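These are the residues of each chain, in order.
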Amino acid sequence: MSCRVCGADSVRPFLDLGTTPLSDGLVKPERLDQADPRFALEVAFCETCKVVHILEDVPEDVLFPEDYPYFSSFSDHLLAHSRAHALNLIETRKLDGDSLVVELASNDGYLLKNFVEAGVPVLGIDPAPAQVQAANDGGVRSICRFFGADLADELVADGMQADVIIANNVFAHVPDLNGFAAGMKTLLAPGGLITIENPYVRDLIDHCEFDTIYHEHLYYHSCTGIEGIVNRAGLHLNHVEYFADLHGGTLRWHVSHEPGRSPELEQYLAAEAESGLDTFAYYEGFAQRVAQLRTDLLELLTGLREKGHTVAAYGAAAKGSTMLNYVGLDAGLIDFVVDRNVHKQGLHMPGTHQPILGVEALLERQPDYCLILAWNFADEIVKQQQSYLDAGGQFVVPVPSPRVLDPVAS
Ligand code: JHZ
Ligand code: ZN
């Protein structure tokens, strides 16, 4: 078995999630009687380049079909985080009407719109047609393409170079990550800055966020792994920031043409070495903890049902699909799922087939308990749902270990 990043023969699997349906493969009502396609899902650590990745390859056009349902603009927290990042870049990089900011995986323009508002030229690149359409409709210039070394060459041949390249939550998704990084190097203007955000593999392991493992997420990143990837493309990792409250713990890496590590980056790299995050031992006990979480969550929800309680779920997130399918939370345990993304409403969860309803269904049906599948936005969701709580509803979160949220504390 060879590593999908460095090609070495040193890949050691540490978690087998069995076969699961595609996490964003939400099911149309007319297809409910058909079996959902399922694919094996196994995660491994490469002892050479230190990158964690899954072993399976699902073709890109199957993973990211025309009707890919994820739109970034449905979380206020993510929008606020993105806006702060844009405003900070405009100020620190002194961006103006002569600059160019390129975002890779720009989705519906949730981030670039902040640059457009400030008069900074942008280009969004994303392979999802509906999201690109939404971005362009909102005045964010975007093209519907997969980014890679070839597209970077085309853009540079057209006279483009980017002062800032932003790549948020896409470094997990790209099969040819080396080609992707090489394309970034080509597209980045001399003196320019690349920022990359991705959930931190440390938090995935430490907080048992196993549900963020699905076929779209080919890689799970650390500072050690990222430095190797950007170095291979002739770029340098200079700095890192940490956001504890985004997607269960997110890192933002700063990358450029120039070498040099900030004290913060040195600290992170040293901490990764000290904790053994760059060794297989760090990952060895994970499978057992994941299995325990499955047992605990199943027991908790089965217990509630046996007492006659009704249970629904919040968030038709990709991670929600992993959770439902791996734990075995079928329609007998969870009646329906609510989500405020209108593109997901009317569809059904992959594998388990619960209907996805608008968020108002929570108040209309008032289930006794609601499992927050989008636990990464639990604070935001709980705040919005005060009426549900006031009417006696209770929230359950599945990670780091399943528990009913204390209504007083929330
Ligand atoms: P969300 C996404 O994963 C997509 P997902 C992607 N795979 C990725 O890499 C990671 O993020 C990092 C809804 N919601 O974003 C919106 C409400 O209904 O955590 C979403 O459908 N009301 C590219 O899909 C879902 O919940 C709300 O108030 O696992 C959240 O999904 C909020 C805040 C969200 O992740
Ligand atoms: Zn490797």
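Residues numbered from 1 in each chain as written. Chains lettered and ligands numbered in written order. Predicted model: local features only at pLDDT ≥ 70, side-chain atom pairs only at ≥ 80, totals over all residues. Heavy atoms only, no water.

Draft legend 1. Summary view of the coordination of the zinc ion (ligand 2). Donor atoms from the polypeptide that coordinate the zinc ion (ligand 2) comprise C3 (SG), C6 (SG), C46 (SG) and C49 (SG), at 2.3 Å from the metal. For the zinc ion (ligand 2), the four donor atoms are set out with angles of 104 to 113° between them, so the coordination reads as tetrahedral. Each donor residue of the zinc ion (ligand 2) belongs to the same chain, and together they define the spacing C-x2-C-x39-C-x2-C. Like C46, the residue C49 is buried in the burial classification. (Donors = N, O, S within 2.8 Å, 3.2 Å for Na, K, Ca; no water. Tetrahedral: all angles 85-135°; square planar, octahedral: opposite > 155°, others 65-115°. Buried < 20%, exposed > 50% of the residue type's maximum accessible area, 1.4 Å probe, protein only.)

Draft legend 2. Local environment of the domain arrangement of the protein chain. In terms of domains, the protein chain is made up of domain 1 (72-282) and domain 2 (297-404). In this structure, domain 1 and domain 2 have C-alpha centres spaced 30 Å apart. Of the residues lining the interface, 16 residues belong to domain 1; the matching set on domain 2 comes to 17 residues. Between domain 1 and domain 2 the total buried area reaches about 1400 Å² when both faces are included, carbon and sulfur atoms providing 64% of it. (Domains from an automatic or database assignment. Contact = heavy atoms within 4.5 Å. Buried area = accessible area lost by both parts, 1.4 Å probe.)

Draft legend 3. Main features of the environment of D16. Within the secondary structure, D16 is located in strand β1 (residues 11-21). Remark: the alpha-carbon pair of D16 and V359, spanning 343 residues in sequence, is separated by 33 Å. Of the polar contacts made by the side chain of D16, one reaches the backbone nitrogen of G18; its length is 2.9 Å. (Helix = DSSP H or I, 4+ residues; strand = E, 2+ residues; numbered from the N terminus. Polar contact = N/O pair within 3.5 Å; in protein donor to acceptor, adjacent residues only side chain to side chain.)

Draft legend 4. Geometry of the site of ligand 1. Ligand 1 sits among 24 residues. The nearest are H217, D339, R340, N376 and Q384. Y214 places a polar side-chain atom, nitrogen or oxygen, 2.9 Å from a nitrogen atom of ligand 1. At 2.6 Å, a side-chain N or O of D339 approaches an oxygen atom of ligand 1. Calculation on ligand 1 without its partners gives an accessible area of 730 Å², and the protein chains cover 96% of this total. Only α12 (318-327) and α14 (378-384) provide two or more residues apiece to the shell around ligand 1. With three residues, the single largest contributor to the shell around ligand 1 is α14. Its residues assigned to classes, the shell around ligand 1 shows 10 nonpolar, eight polar and six charged. (Near = heavy atom within 4 Å. Areas by Shrake-Rupley, 256 points an atom, 1.4 Å probe, with all protein chains shown as cover. Nonpolar A, V, L, I, M, F, W, Y, C, P; charged D, E, K, R; others polar.)

Draft legend 5. Region of the structure containing the sheet that holds strand β10 (residues 236-243). The seven strands are arranged β6-β5-β4-β7-β8-β11-β10 in an open sheet whose pairing can be described as mixed. Bordering the open sheet on either side are β6 (142-144) and β10, each of which pairs with just one other strand. This sheet shows a mean twist of 15° between the axes of neighbouring strands, independent of strand direction. In the sheet, strand β8 (residues 188-199) pairs with strand β11 (residues 250-256) via six bridges, with the strands oriented antiparallel. Among the inter-strand pairings, E197 is bridged to a residue of β11, identified as R252. (Pairing = 2+ DSSP bridges. Axes fitted to C-alpha atoms, helices over the stretch in contact; angles between N-to-C directions.)

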